[in-house]
Amino acid sequence: MASSEEDGTAEEKENNNKKRTKSALITAWLTFYNIAMTAWLVLTITMMRFYIQKGTHKGLYRSIARTLKFFQTFALVEIVRTSVIVTGVQVCSRIYMVWFITSSIRQKIQNEESVILFLVVWTVTEITRYSYYTFNLLHHLPYFIKWAYNFFIVLYPLGVVGELLTIYAALPFVRRSGMYSMRLPNKYNVSFDYYYFLIIVMLSYIPFPQLYLHMLRQRRRVLHGEVIVEKDD
């Protein structure tokens, strides 16, 4: 009987050790990941330098396109503890904007003011967000970072406006060029119109208010002193 209890205790200790090791590895990876993603600051500096030197936003997107693609694609390896759907929607929507809108319709879209709008919003949001996560994981959260984490209240709606205006600006070119579309007849006997697909994408932003309110509730918890280690956006 005693032997069975000892075996059970030993097995329990082993399981606890495995859980602690796994938790430590996840924390270490999250710390590294968040520090690395704070490098969004590089994009901000590059954008500011370009505008100061050129005096215009035209050509700015092209100058940072590769770095932006890397950051947004690298976000696919982001580990989240809760709100996977919320994070996944945001990451996928940004990757879509980068790869299938701004990078695909270069000559017509990249110089739009709406592109600069969502770029500024993304960079400021990511710098504050990943700074918050990094300091939080290190158990040393300065008040300024905690306060700046709530910039999203203004930035998030502005980012959505920038993305929607960019997609809207792409519609005439997509309809005229027929890009990414398949017309009948073809050997696959399948029809696809990218123009109408973009309209559906724009309509998919309709649940935005509900998502925004969810994120607002999370930020209120931060301001009122509840520590949130989960990444909810």
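Sequence order sets the numbering: in each chain, residues are counted from 1 along the sequence as written. Only residues with pLDDT of at least 70 are given local features in this predicted model, and only at 80 or more are side-chain atom pairs given and counted; all residues enter the totals for whole chains, interfaces and linings. Water and hydrogen atoms were dropped before computing side-chain values, which therefore reflect all heavy atoms in the structure.

Novice: What am I meant to see in the UniProt feature "transmembrane region" (unreviewed entry) in the protein chain here?
Specialist: Those places that UniProt annotates as "transmembrane region" (unreviewed entry) correspond, in this numbering, to residues 26-52, 73-96, 116-135, 147-174 and 194-213. The span residues 116-135 is 100% helical and 0% strand by assignment, and the distance between its end C-alpha atoms comes to 29 Å. End C-alpha to end C-alpha, residues 194-213 measures 31 Å, and it is 80% helix and 0% strand. UniProt positions are given in the numbering used here, feature names are shortened, and annotations may be inferred rather than shown by experiment. Only DSSP runs of H or I reaching four residues or more are called helices, and only runs of E reaching two or more are called strands; each is numbered from the N terminus.

Novice: Got a minute to help me understand the confidence of the model for the protein chain in this structure?
Specialist: Atom-level detail of predicted coordinates should not be read off regions where pLDDT is low. When the pLDDT values of the protein chain are averaged, the result is 79; 76% of them are 70 or greater. pLDDT is defined as a per-residue confidence score from the predictor, taking values between 0 and 100. Put simply, helix α1 (residues 2-37) is where the protein chain has its lowest mean pLDDT, 62, and helix α9 (residues 194-203) is where it has its highest, 95. Counting contacts from residues 227-233, a segment whose pLDDT is below 50, to residues more than four positions away or on other chains yields 38 contacts. We call two residues contacting when some pair of their heavy atoms lies within 4.5 Å.

Novice: Sorry if this is basic, but what is going on with the packing of aromatic side chains here?
Specialist: Working definition: an aromatic ring pair is given by the centre-to-centre distance plus the angle between the planes. Here a pair means two rings of Phe, Tyr or Trp (six-membered ring of Trp) with centres within 6.5 Å. Their orientation is stacked below 30 degrees between planes, edge-to-face above 60, and tilted elsewhere. Following the criterion strictly, the structure yields 13 aromatic pairs and no others. Aromatic pair Tyr-96 and Phe-197: ring centres 6.2 Å apart, planes at 65°, arrangement edge-to-face. Of the two residues, Tyr-96 is situated in helix α4 (residues 84-102) and Phe-197 in helix α9; the sequence distance between them amounts to 101 residues. Assessed through its relative accessible area of 31%, Phe-197 is described here as partly exposed. Within the aromatic cluster, the residues linked to one another by ring pairs are Tyr-96, Phe-100, Tyr-180, Phe-192, Tyr-194 and Phe-197. Over the ring of Tyr-130 we find Arg-129, and its NZ or CZ is 4.6 Å from the ring centre. For the cation-ring pair, Arg-175 lies above Tyr-195, with the distance from its terminal atom to the ring centre recorded as 4.6 Å. The buried label applies to any residue whose accessible area, calculated with a 1.4 Å probe on protein chains only, is under 20% of its type's maximum; exposed applies above 50%, and partly exposed to all values in between. We call a charge positioned above a ring when the Lys NZ or Arg CZ atom is no farther than 6 Å from the ring centre and deviates by at most 35 degrees from the ring normal.

Novice: It is not clear to me how the layout of surface pockets should be interpreted in this structure. Could you clarify?
Specialist: Where empty space is left becomes clear once a probe the size of a water molecule has been rolled over the atoms. Estimated volume of the largest pocket: approximately 550 Å³. Think of a 1 Å grid over just the protein atoms. A cavity is a set of points where a 1.4 Å probe fits yet cannot get out, a pocket is an open set with protein on both sides within 12 Å along at least five of seven lines, and lining residues have an atom within 4 Å of a point. Along its surface, the largest pocket is lined by 27 residues, and Val-89, Ser-93, Tyr-156, Tyr-205 and Leu-211 are the ones closest to its centre. Where the lining of the largest pocket is concerned, the elements lending two or more residues are α4, α6 (113-137), α8 (152-177), α9 and α10 (208-223). When residues of the lining of the largest pocket are assigned to their parent elements, the largest contribution, nine residues, is made by α4. Residue polarity is assigned by list, with Asp, Glu, Lys and Arg as charged and Ala, Val, Leu, Ile, Met, Phe, Trp, Tyr, Cys and Pro as nonpolar; anything else, Gly included, falls into the polar class. Grouping the constituent residues of the lining of the largest pocket by class yields 17 nonpolar, seven polar and three charged. Grid points are joined across faces, edges and corners, and a volume is the space filled by probe spheres set on the points.

Novice: Got a minute to help me understand the packing of α8 against α9 in this structure?
Specialist: A pair of packed helices is captured by two measures, namely the crossing angle of their axes and the spacing between those axes. To get an axis, fit a line to the C-alpha atoms, keeping to the stretch in contact for a helix; angles then go from 0 to 180 degrees between the N-to-C directions. With their axes 9 Å apart at the nearest point, α8 and α9 run at an angle of 165° to one another. Compared by their axis directions, α8 and α9 come out roughly antiparallel. Where α8 crosses over α9, the two elements pack in a sense that is left-handed. Contacts between α8 and α9 involve Leu-164, Ile-167, Tyr-168, Leu-171, Val-174 and Arg-175 from the former and Tyr-194, Tyr-195, Tyr-196, Leu-198, Ile-199, Val-201 and Met-202 from the latter. Relative orientations are named as follows: roughly parallel for angles under 35 degrees, roughly antiparallel for angles over 145 degrees, roughly perpendicular for angles from 65 to 115 degrees, and oblique for any other angle. Less than a right angle of anticlockwise turn of the near helix away from the far helix marks a crossing as left-handed, whereas a clockwise turn marks it as right-handed.

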